[in-house]
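# Structural description and commentary
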Amino acid sequence: MKKIVSIIIVVLLATSCTDQGGDRNYNYRISNNSGVVIEMIPFYNGVKDISNKVIVKNLADIKYQFTDTPPYGGGPRMEYIAFTSSKIQNNLTHIEVVFDNKKKVVYQECTATNQCFNQARNIFNPVFSAEQTEVYTITPEDFQNAQDCGGNCN
């Protein structure tokens, strides 16, 4: 009788566990195809942090791979992959992209007052963090459309 009860308990335990699925692998990449060297400069809480800038040569990439395991906590966000500082968690508010110290563009996080969902090239736009494989490409058009800063973008 004890053996039958033990078998029933084992069967019940084995069948009551839910399958949480397998690992989710994320592969994110920022590609610089702008035609010039770029600098990506983070702003933490609205303050520019030159010490954490990332330089990306033309035709070079920043790659990030991440594996999320059950229960899933969510994938990475595109805007974070260029920066490894621990300060990024919920403090990254802007990213300045400087093109060969001639032009620049500043992207701001999505907020109630900055609806970046309507800004197709804003790296903070959730569309760039929606899938398990994402590529954000900085293009020659991004360079052409950036604000001229007369060779002194600092």
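Quick note: structure is the one above.
Residues numbered from 1 in each chain as written. Predicted model: local features only at pLDDT ≥ 70, side-chain atom pairs only at ≥ 80, totals over all residues. Heavy atoms only, no water.

According to the stated counting rule, one finds one disulfide in the structure shown. A sulfur-sulfur separation of 1.6 Å characterises the disulfide bridge that pairs C149 with C153. Comparing C149 with C153, the two get one shared label, buried. (Disulfide = S-S within 2.5 Å. Buried < 20%, exposed > 50% of the residue type's maximum accessible area, 1.4 Å probe, protein only.)

Take the packing of aromatic side chains next. Summed over the entire model, instances satisfying the criterion amount to five aromatic pairs. Their ring planes at 40 degrees and their centres at 6.0 Å tell us that Y26 and F66 sit as a pair that is tilted. Here F66 lies in strand β5 (residues 61–68) and Y26 lies in strand β1 (residues 24–32), a separation of 40 residues in the sequence. By relative accessible area, Y26 is classed as buried at 8%. Residue classification places F66 among the partly exposed positions, given a relative accessible area of 26%. Plain terms: the ring middles of F99 and F143 are 5.6 Å apart, the flat faces sit at 45 degrees to each other, and that makes the pair tilted. One end of the pair, F99, is in strand β6 (residues 92–99); the other, F143, is in helix α2 (residues 140–145), with 44 residues separating them in the sequence. F143 carries the same exposure label as F99, and that label is buried. Every member of this aromatic cluster is reached through a ring pair, and the members are Y26, Y28, Y64 and F66. Between K103 and the ring centre of F143, over which it is positioned, the NZ or CZ distance is 5.3 Å. (Phe/Tyr/Trp six-rings, centres within 6.5 Å; stacked < 30°, edge-to-face > 60°. Helix = DSSP H or I, 4+ residues; strand = E, 2+ residues; numbered from the N terminus. Lys NZ or Arg CZ within 6 Å of the ring centre and 35° of its normal.)

A word on unusual backbone geometry. For the peptide bond that leads from P70 to P71, omega is -10 degrees, which places it in the cis range. One can find P71 in the loop between β5 and β6. Not every positive phi belongs to a glycine, and N45 is a case in point at roughly 50 degrees. The residue N45 is located in the loop between β2 (38–44) and β3 (47–48) in this model.

Now for the pairing of strand β7 (residues 103–108). Judged from the six bridges that link them, β6 and β7 form a sheet pairing that is antiparallel. Paired with I95 across the bridge in β7 is Y107. Linking β6 back to β7 in an antiparallel pair, the connection comprises three residues, with D100 at a positive phi of about 50 degrees. The pairing of β7 with strand β9 (residues 147–148) spans two bridges and is classified as antiparallel. Across the sheet, K104 pairs through a bridge with Q147, a residue of β9. (Pairing = 2+ DSSP bridges.)

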